[in-house]
Amino acid sequence: MADNPGKLLELEEVAKHASKESCWVVLHGKVYDVTEFLPEHPGGQAIILKYAGKDATEPFDPIHPPDTLDKFLPKEKHLGPLSKTSLEVLRKTPKEVSSDEKEREERKKNLPPLELCLNLYDFENLAKTVMAPAAWAYYSSGSDDEITMRENHSAYQRLWFRPRILRDVTNVDFSTTLLGCKSSMPMYITATALGKLGHPEGEKNLTRAAHTHGVIQMIPTLASCSFDEIVDTAQPGQNQWFQLYVNKDRSVTERIVRHAEKRGIKGLFITVDAPQLGRRAKDMRMKFEDVGSQVQQGDSSVDRSQGAARAISSFIDPGLSWKDMKWFKSITKMPLILKGVQCWEDAVLAAEMGLQGVVLSNHGGRQLDFARSGIEILVEVKRELKRRGLDKPDFEIYVDGGVRRAGDILKAVALGAKAVGIGRPFLYAYSAYGHQGVERAIQILKDEMEMNMRLIGARNIEELVPDMIDTRNIGARSVDSVPDHLYNANYEPLELVKSKL
């Protein structure tokens, strides 16, 4: 069929190729032969075979950028477009809608007015009611027992304010500069994968909201939208960063980095805490329950244990090391920041190596369980950098994980962070309300920021200083020591495997 690329294909012909031996799929009205790709698919064969001989557009789109097949499938496997008749059949074929999907759609119609969302927890609570179970499992899951995921939030509650009084706080300005880019507040939208799981517009929701509020968006390697789609959505003068997972094939990494720089990206954030992605039980159980097609049942070679996270990440290089930093410096002039630093020793090494900064992060509690929170590490990082004369303006420190209030942002900035990254809350916001939800969420943070700046006695970012924070209990870690009712109301405990009975 590939020898006659001008021929239009019919659905009847596609349907004949629905097995391991010959597997065709339809995506956006075009037919592809993915037979040879089956064993290589990072998510396993099952999910492809489930749609063998059929239209796979709907399950494909949320977890693949639109240019995926152009990049990874040989041209001879692009078999050609469907005929107009077959396209019309697809258009008229009623979509199979489960009772669960119907209920979710009804709940979407009955979401409360956006202005009734008063904090970031509200978005999470509502998103849980309208998201597909697999999408919720991917966004909300943490690694192993999810201790670190919860600790990221709890750590901020061990820090208490020491407000200053009788200062003229009539005018409050919390704008700042991050890697030379202006930002309306010391917060950026951090990289989170698979944006279309929550909303058809995916990461573009974040781009639009970032422009509205004058904050920076970090584009993820594993976005559902293509990199160029996201950059093209940005408005003139809008600043964006890029989060990089380093590919085992360095030529692929170099091509990605050079293209990012060409498109005007202002900072390269190299993820260093993921030589292998963590075991996220909620996500993995959801994948296990999708057994795929009948031809896969009973096949012990099929790995159903990965979940979405591992399924999309097999390309990541576990051999990434400090010696690669010299190579990165040779291929780009963008500022280089290590994302996922988890102790002061590595922050010192990054500064000594002449990098432009670090993100103190444990991947949102999705990697090594019992890794400490970024805010706790911040205290010791600042101390050790100062001891060595490395605490300089050209080495910027960021923190992410667990931030839910502007008070958390104030604590991090007062202790020496340049800004904090926020991820999940904005995913939840647009899963429920689209880009308007993200805009509302950021406005809530800005309102909280203005109020808290006045109450703590700081008129600008420079007046947020360590003396305003009581850090004596920062290292007093205890799992679930003080209940946080808003947080706990949204948190779903991990489940044990269940009997079929």
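Scoring rules and cut-offs
Residues numbered from 1 in each chain as written. Predicted model: local features only at pLDDT ≥ 70, side-chain atom pairs only at ≥ 80, totals over all residues. Heavy atoms only, no water. Helix = DSSP H or I, 4+ residues; strand = E, 2+ residues; numbered from the N terminus. Buried < 20%, exposed > 50% of the residue type's maximum accessible area, 1.4 Å probe, protein only. Contact = heavy atoms within 4.5 Å. Areas by Shrake-Rupley, 256 points an atom, 1.4 Å probe, with all protein chains shown as cover. Phe/Tyr/Trp six-rings, centres within 6.5 Å; stacked < 30°, edge-to-face > 60°. Lys NZ or Arg CZ within 6 Å of the ring centre and 35° of its normal. Pairing = 2+ DSSP bridges. Axes fitted to C-alpha atoms, helices over the stretch in contact; angles between N-to-C directions.

**Overview of the overall build of the protein chain**
So, point 1. Tallying secondary structure elements over the protein chain gives 21 helices and 15 strands in all.
So, point 2. With 501 residues in all, the protein chain has 53% of them scored as buried.
So, point 3. Contacts spanning at least 24 positions in sequence make up 75% of the contacts within the protein chain whose residues lie at least 6 apart.
So, point 4. Of the roughly 23,600 Å² of accessible surface on the protein chain, a fraction of 53% belongs to carbon and sulfur atoms.

**Describing the packing of aromatic side chains**
So, point 1. Counted by the stated rule, this structure contains eleven aromatic pairs.
So, point 2. Ring geometry for Phe269 versus Tyr398: centroids 6.2 Å apart, planes at 65 degrees, classification edge-to-face. Linking Phe269 in strand S10 (residues 268-271) with Tyr398 in strand S13 (residues 396-400), this pair joins segments that are 129 residues apart in sequence. Judged on exposure class, the residue Phe269 and its partner Tyr398 are both buried.
So, point 3. In textbook terms, an aromatic cluster arises when at least three aromatic residues are bridged by ring pairs, as seen for Tyr188, Trp241, Phe269 and Tyr398.
So, point 4. Above the plane of the ring of Tyr138 lies Arg366, whose end atom (NZ or CZ) is 4.9 Å from the centre.

**Describing the sheet that holds strand S2 (residues 30-33)**
So, point 1. Judged by pairing direction, the sheet is antiparallel, and its three strands sit side by side in the order S1-S2-S3 without closing on themselves. This sheet does not close on itself; its edge strands, each paired only once, are strand S1 (24-27) and strand S3 (78-81). Going from strand to strand, the sheet's axes swing by 25 degrees on average, the running direction of each strand aside.
So, point 2. Bridge count for S1 against S2 is four bridges, and the pairing is antiparallel. Within the sheet, the bridge partner assigned to Val26 lies in S2 and is Val31.

**Considerations on the sheet that holds S13**
So, point 1. Spatial strand order, S7-S8-S9-S10-S11-S12-S13-S14: eight strands in a closed barrel with parallel pairing. This sheet shows a mean twist of 30 degrees between the axes of neighbouring strands, independent of strand direction.
So, point 2. When strand S7 (residues 187-189) meets strand S8 (residues 216-219), the two strands line up parallel, connected through two bridges. Bridge pairing in S8 places Ile189 opposite Gln217.
So, point 3. Each of strand S9 (240-244), S10 and strand S11 (336-341) touches helix H15 (residues 324-331); the most contacted strand, S11, lies at about 145 degrees to it.

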